[in-house]
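Letter by letter, the chains look like this.
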Amino acid sequence: MNTTLLTQSVAAQTETHQAVREASGLFSGTWLLIALPLLGAALLLLGGRRLDRTGHLVGCATVIASFVVAAVLFVAMLGEGSGERAFLIPLWEWFNAGGYEVEISLLLDQLSMAFVLLITGVGSLIHVYSIGYMEHDERRRRFFGYLNLFVAAMLLLVLASDFLVLFIGWEGVGLASYLLIGFWQHKPSAAVAAKKAFVVNRVGDMGMVLAVASMLVVFGSSSYAVVFAGTENAPVGWLNAIGLFLLLAACGKSAQFPLQSWLLDAMEGPTPVSALIHAATMVTAGVYLIVRSAAIFDLAPEARTAVVVVGAVTLLMGAIIGCAKDDIKKALAGSTMSQIGYMMLAAGLGPAGYAFAIFHLITHGFFKANLFLGAGSVMHGMNDEVDMRRFGALRAAMPVTFATFAIGYLAIIGIPPFAGFFSKDQIIEAAFAEGLVVGLCALLGAGITAFYMTRVMLMTFLGSKRWAEEAHPHESPRVMTWPLIALGALSVVGGAGLLYLGGGIVDWLEPVTGEEHHDLPVPLAVLMTSTLITVLAGAAVAWLLYGRRPVPEVAPRGNPLTVAARRDLYGDAVNEGLFMRPGQYLTRSLVYAESRGVDGTIVGAAKAVGGLSTRWRRWQTGFVRSYALTMLAGAGLVVIAMLLVRLP
Amino acid sequence: MTFPWLTTLIAVPALGAVLTALVPAGRGRLAKQSALAFALLTLGVAVAVIAQFEIGGDRYQLGEQYTWIDALGIHWALGIDGIGAALVGLAAVATPIVALAMWPEADAERRDPKPFFALLLASEALILTAFLAKDLLLFYVVFEAMLIPLYFMIGMYGGPQRRYAALKFLLYNIFGGLVMLAAVIGVYVQSIDAGAPSFLLMDLMALDISANAQRWLFLGFMLAFAIKAPLWPFHTWLPDAAAEATPSNAAFLSGVADKVGTFGMIALAVPLFPVAAQDFAPVIVVLAVVSIVYGALLAIGQTDIKRLIGYVSISHFGFIVLGIFVLTGRGATGATFYMVNHGLATIALFVIAGFMIARRQSRMIADYGGIQKPAPKLAGAFLIAGLSGLALPPLATFLSEFLVIAATFEQYRAAGVIATVGIVLAALYVLWLYQRTMTGPVPEENAGTRDLGRRETMVVAPLLALILAIGVFPRTVVDVIDDGVAPTLAEVDVESPPPVVSVTDLVVEGNDH
Amino acid sequence: MNPTSYLVLATILFTLGSGGVLLRRNALVAFMSVELMLNAANLAFVAFARMHGALDGQIVAFFVMIIAAAEVVIGLAIIVMIFRTRRSASVDDASLLKL
């Protein structure tokens, strides 16, 4: 049976999900979204040196064109009825092996639309910014090629309509991330960080592969339509297993505990990469995966609990790590982990949280990209210095960067009316509705966020000058500040706009994720106030520690918690102790066992045969008469034997 | 009478081998050109043959059958099925690429290059015959005969230990081959007992062999194929051969020639002895999983590039054998598809490693570093080849590896889970190799490394393009393989369990409302 | 005459011949001893043919004679060649054909 037809007929009967229609008209052009950046990547990577001078323009143009397509599609989608906004765009049949059929087709619905706009929108801004940031890099063309490749893969990830096709995008973004983290390959640290990111992600991919394999066992297919339609009849044990496998995958891609260790090292990449891939889009793919698989998680309570636990643990871990880092990018990376922890937590709450997870994901995309680009702008002006202890008082030297960074700061710690206030508050509310412990974790996280972000702000832009002697801080060129201003504006209005404009994001996503409202144990006003108080308290503590006192240029030893946080809460130490060292020992001993044991046995057998023949060949003396004697003796023996046999 | 396409397919490289061997000594260039021309001609014939293959047609198509030794029922019998078609395609594509890659290597050797090219074509002819033979004795004869050219190819060209490696290769394979000979005779005796002496595969597959006899015969066949493939613990000849042979020869050896082993498993051992295959499947699955993990771990521990790639092959052969012996259509299709993809990926890896070795004159990983800067194209090609080795979608290897893992998970949960560990280890050995050779600061002696030249690009580009194209549009290839796998596994009594939740039921149910 | 006597004679001849092969170093003498053994065997064949009244033994004797003749031709040639190259007809000197 044709998968497309099957998809439609299955989707048509399931009540929880909206019907998926075969795309026609404008929507059948959805493939352009992916094709444009992919074309850009192909041109830039295969085009050779001819494109060195114009490459960045090609790179930007294709992504902006993709954004325009996305905008057109969005407007067209607004024109459709609320429950009729899902379109299937079949492209070609991928394969059919032993009854397992996969079609390459795209699914454009409200959820993927939100992601497409985020990816192409923020992606375009960061592309433009990179023109300035990478201006003096001789491999800029290649940089843009990789960025385009990333955008194409990420779009495939969110537009896929089959888990196996999603996996193509999933690995594609992983590859782009690998290439971009290691972009400055001549630095061994960058090359190591790139490899580490890929390998840790592969551990997550094990989960993905096993999840799809389980889907094959349970549903006989990996297409969304079939899988989601079948969940109601599937055994809960299997759903939990699939859910946990998907969670493992999400942990890898989104740097969640216990696979969080790669993200901090990933800051070796150029800063626009950190902004686009390791803050705004790719690392949120895990959240997308879980929200997309809502139909599975809705019926898999244990898996959902695991998601909540992972989210809560990571949100605290990331925040604590963020507090102790002196490298501005690593502090922001810890913050990214923590914020994605929030999203995971929300996604683990089920229909009550899915929409808020996506909401926070989008606002986070705005303000975190803003913060990272701001950090990049600072580095650009400070000879690529990243140590915040060498910054200070940059407010005057970089007014635009300071202003936009401050907006991002206010947004992330959740001061009304900036974007983060709305999205984080919704998650904290939902968390309290789920349970007190979860709620308190989320609340505590908000306080720590305020602390470390205030710390970053104070150490970078305020206080005294602690610059290196040769530093001459200056504002970045316009091509870099305009994207900052755009993202700053989005960080201001993005929250309220998305929450309230035209029904808001919750209504927009409702047909995909479902909706559920839980009653709060405490009045809303009390909760909001206590959240704000926690945030202000966190900021105040930071001000006491870093604003009122001069910041030492060399980091003090600090208490045990600070030391632990500086070392990423011993995540690397644990990996090293549990996997790396035993693994190295294992490979070494296996190499030894191979040469001595497996090969040794066989070579030994060959040697034994050889030794035996050396001994036996001594009988061949070359003396004819001794041979004759042997023959005679042999003949004699034969005769004797015959006589003996005949005797009785 | 129809045109004997398959005999032509074998005759062209065989003739090429003879003509190349007749090129006067000292005219190395002419020998190379003649070998390349005949390899390309073979590719043309192979394309013509595969184009005539009809999905859903007879099991063996384009069949030819001439009596060879009447008294013993031995025939020159050829035919092509989906599995054979896929592998014929691989061999035909690989040979000209290997010939072209060997071109500069041959000049670096102090020997006359002519014998290598003649032997290459000779082994191509024998390998093609193995993929097409529909007579067990014919298969056996070429299975053993291909050791001769391969032995000389390893022993005459390559590293300082090449004689040792060649002898090891030969002894291992002859040992397996002789045990198999006993089993071949055993099968023939079974056909005599049944009253119809024959070596034709179709006749032998129709035999009703007792379970006990099947077990012994199966073991005889499997030993030979497990050595050839190679499967842990019969693998130790491969790293030596891979390290000592010239890179393009190593590519040909593990990319093409070894496929005869896995081909034998799926096309002979399983359909001839279905009961025994089922009995031994769990054991072989365990060995295959051990191969996957063991090969990967040893690859991580290597210091010699070519040895490393040799162990990577062992790990990948583990996947192939695993796919075959889960004995479901999905697994076998995945495994056969894997054979093709592994061939392409391994050839790419070996050949590019060869380019590096030709520049630096060292096989030791520690001697490299920072190559990416002076030679970005070389590094890029190496990375793509490596990524296909670690099965990154949408490169072709991904799909085959996924099908194998999914099919295994379906039948043996634990084995499926352990096999996925292979994908993590694959990332480690490939990317660590890339990191150590291509990235980091450029040492002085590597600063002048040349980038890919024209001929080198001509070798690598078609391989990588093919890997990508098959990955994005695998449908035709998978359909052809699927068509061959279905009858092959027909006798084996293993079915994929139906999905726990059948969606087709849902649809029917839904329509009732 | 009692045919058993022929057998005894054949045995004596064979023993003499084998003793010669084993004990003498000179290739020509050893060669002659081999001929003696062959003829002993021939005698035994003919004697048995007579005893059993069948012709088989005589036929085999003819075969042996022909083979002996052929062997003489080749053997003598080899011995002459060895003598030419080594200036010696001792069989113990020609002991190089070994592993």
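- As annotated in an unreviewed UniProt entry, chain B carries the name NADH-quinone oxidoreductase subunit M and comes from Phytoactinopolyspora halophila.
- Heading Sequence similarities (unreviewed entry) of the UniProt record for chain B holds this comment: "Belongs to the complex I subunit 4 family."

1. A word on the interface of chain B and chain A
(1) Moving on: With 67 residues of chain B at the interface, the matching set in chain A holds 61 residues.
(2) Moving on: Both sides of the chain B and chain A interface together cover about 5,600 Å² of buried area, and 72% of this is carbon and sulfur.
(3) Moving on: Scanning the region where chain B abuts chain A turns up 3 salt bridges.
(4) Moving on: Residue E138 of chain A pairs with K373 of chain B through a salt bridge whose shortest N-O separation is 3.2 Å.
(5) Moving on: Counting every contact that joins chain B to chain A gives 18 residue pairs in polar contact (both at pLDDT 80 or more).
(6) Moving on: Of all the elements, helix α18 (residues 413-438) of chain B adds the most residues to the side of chain B that touches chain A, at 13 residues.
(7) Moving on: Here the residues of the side of chain B that touches chain A are counted per class, giving 45 nonpolar, 13 polar and 9 charged.

2. With respect to the confidence of the model for chain A
(1) Moving on: Averaged over every residue, the pLDDT of chain A is 87; residues scoring 70 or more account for 97%.
(2) Moving on: Note that residues 1-15 of chain A has pLDDT below 50 and, in this model, 30 contacts with residues that lie over four places away or in other chains.

3. A few points about the sheet that holds strand β2 (residues 86-97) of chain A
Residues and elements named next belong to chain A.
(1) Moving on: A sheet is described by the order of its strands in space; here 3 strands give the open sequence β1-β2-β3, paired in mixed fashion. Because the sheet does not close on itself, it has two edges, and the strands there are β1 (20-22) and β3 (100-108). Sheet twist, expressed as the average angle between the axes of neighbouring strands with direction ignored, equals 50°.

4. Some points on the packing of aromatic side chains
(1) Moving on: The final tally for this structure, using the stated rule, is 40 aromatic pairs over all chains.
(2) Moving on: Both rings, one in F74 of chain A and one in W508 of chain A, keep their centres 5.5 Å apart while their planes meet at 65°; by these two values the pair is edge-to-face. Remark: W508 of chain A occurs in helix α21 (residues 504-513) and F74 of chain A occurs in helix α3 (residues 55-78); sequence separation between them is 434 residues.
(3) Moving on: Classification of F74 of chain A as partly exposed rests on a relative accessible area of 27%.
(4) Moving on: By relative accessible area, which is 13% here, W508 of chain A ends up buried.
(5) Moving on: Geometrically, the ring pair formed by W92 of chain A and F473 of chain B is tilted, given 4.9 Å between the ring centres and 40° between the ring planes. Within this pair, whereas W92 of chain A is found in strand β2, its partner F473 of chain B is found in the loop between α19 (454-472) and α20 (475-488), the two belonging to separate chains.
(6) Moving on: In this structure W92 of chain A comes out as partly exposed when scored by relative accessible area, which is 30%.
(7) Moving on: Taking NZ or CZ as reference, K228 of chain B lies 5.0 Å from the ring centre of F143 of chain B, over its face.

5. Focus on helix α1 (residues 3-23) of chain C
Count 3.6 residues to each turn of an α-helix, and residues three or four apart come out pointing the same way.
(1) Moving on: For α1 of chain C, spanning 21 residues, the distance from its first C-alpha to its last is 30 Å, which sits close to the expected 30 Å at 1.5 Å a residue.
(2) Moving on: Taken together, the buried positions of α1 of chain C are L7, A10, G17, S18, G20, V21 and L22 of chain C.
(3) Moving on: Buried residues along α1 of chain C sit in contact with α25 (624-646) of chain A together with α2 (27-52) of chain C.

6. Notes on the nonpolar core
(1) Moving on: The biggest cluster of nonpolar side chains holds 430 residues, and the ones touching the most others in it are F221 and F325 of chain B.
(2) Moving on: Sequence-distant contacts of F325 of chain B, that is, excluding residues within four places in its chain, are made with F218, M222, M265, V270, A277, A281, I284, V285 and Y412 of chain B.
(3) Moving on: In terms of nonpolar packing, the next biggest core, distinct from the first, is built from 5 residues, A27, F31, I79 and V91 of chain C among them.

7. Some remarks on the pairing of strand β1 (residues 61-69) of chain B
(1) Moving on: Sheet topology note: the β1 of chain B/strand β2 (residues 74-80) of chain B ladder contains 6 bridges and is antiparallel. Within β2 of chain B, the residue paired with Q61 of chain B across the bridge is I80 of chain B.

8. Observations regarding the confidence of the model for chain B
All names here are of chain B.
(1) Moving on: Scored by pLDDT, chain B comes out at a mean of 90, with 97% of its residues at no less than 70.
(2) Moving on: Looking across chain B, the model is least confident in helix α21 (residues 503-512), with a mean pLDDT of 48, and most confident in helix α5 (residues 136-145), with 95.
(3) Moving on: Between residues 507-513, whose pLDDT stays under 50, and residues either more than four places distant or in other chains, the model counts 5 contacts.
(4) Moving on: If you check the scores for this complex, the pTM reads 0.89 and the ipTM reads 0.92.

9. Here we look at the UniProt feature "domain: NADH:quinone oxidoreductase/Mrp antiporter transmembrane" (unreviewed entry) in chain B
(1) Moving on: What UniProt calls "domain: NADH:quinone oxidoreductase/Mrp antiporter transmembrane" (unreviewed entry) maps, in this numbering, to residues 133-425 of chain B.
(2) Moving on: This span, residues 133-425 of chain B, is 79% helix and 0% strand, and a straight line between its end C-alpha atoms measures 37 Å.

10. Considerations on the pattern of salt bridges
(1) Moving on: For the structure on display, the rule yields 25 salt bridges over all chains.
(2) Moving on: Among the ionic pairs, R475 of chain B bridges to D479 of chain B, the shortest N-O distance being 3.6 Å. Separated by 4 residues within a single helix, R475 of chain B and D479 of chain B lie in helix α20, roughly one turn from each other.
(3) Moving on: Using a relative accessible area of 36% as the deciding quantity, one classes R475 of chain B as partly exposed.
(4) Moving on: Overlapping salt bridges, with partners in common, bring together D599 of chain A together with K168, D240 and R307 of chain B in one network.

11. A few points about helix α12 (residues 259-272) of chain B
Residues and elements named next belong to chain B.
(1) Moving on: Over its 14 residues, α12 runs 19 Å from end to end, which matches the ideal 20 Å to within 8%, given 1.5 Å per residue.
(2) Moving on: Helix geometry: α12 is bent most strongly at M265, by close to 35°.
(3) Moving on: Counted residue by residue, α12 has 14 buried out of 14 residues, so it is predominantly covered.

What counts, and at which threshold
- Residues numbered from 1 in each chain as written.
- Chains lettered and ligands numbered in written order.
- Predicted model: local features only at pLDDT ≥ 70, side-chain atom pairs only at ≥ 80, totals over all residues.
- Heavy atoms only, no water.
- UniProt positions renumbered as here; feature names shortened; annotations may be inferred.
- Contact = heavy atoms within 4.5 Å.
- Buried area = accessible area lost by both parts, 1.4 Å probe.
- Salt bridge = Lys/Arg side-chain N within 4 Å of Asp/Glu carboxyl O.
- Polar contact = N/O pair within 3.5 Å; in protein donor to acceptor, adjacent residues only side chain to side chain.
- Helix = DSSP H or I, 4+ residues; strand = E, 2+ residues; numbered from the N terminus.
- Nonpolar A, V, L, I, M, F, W, Y, C, P; charged D, E, K, R; others polar.
- pLDDT = per-residue confidence, 0-100.
- Pairing = 2+ DSSP bridges.
- Axes fitted to C-alpha atoms, helices over the stretch in contact; angles between N-to-C directions.
- Phe/Tyr/Trp six-rings, centres within 6.5 Å; stacked < 30°, edge-to-face > 60°.
- Buried < 20%, exposed > 50% of the residue type's maximum accessible area, 1.4 Å probe, protein only.
- Lys NZ or Arg CZ within 6 Å of the ring centre and 35° of its normal.
- Expected span 1.5 Å × (residues − 1).
- Core = buried A, V, L, I, M, F, W, Y, C linked by side-chain atoms within 4.5 Å.
- Bend = angle between axes of the 7 residues up to and from the residue.

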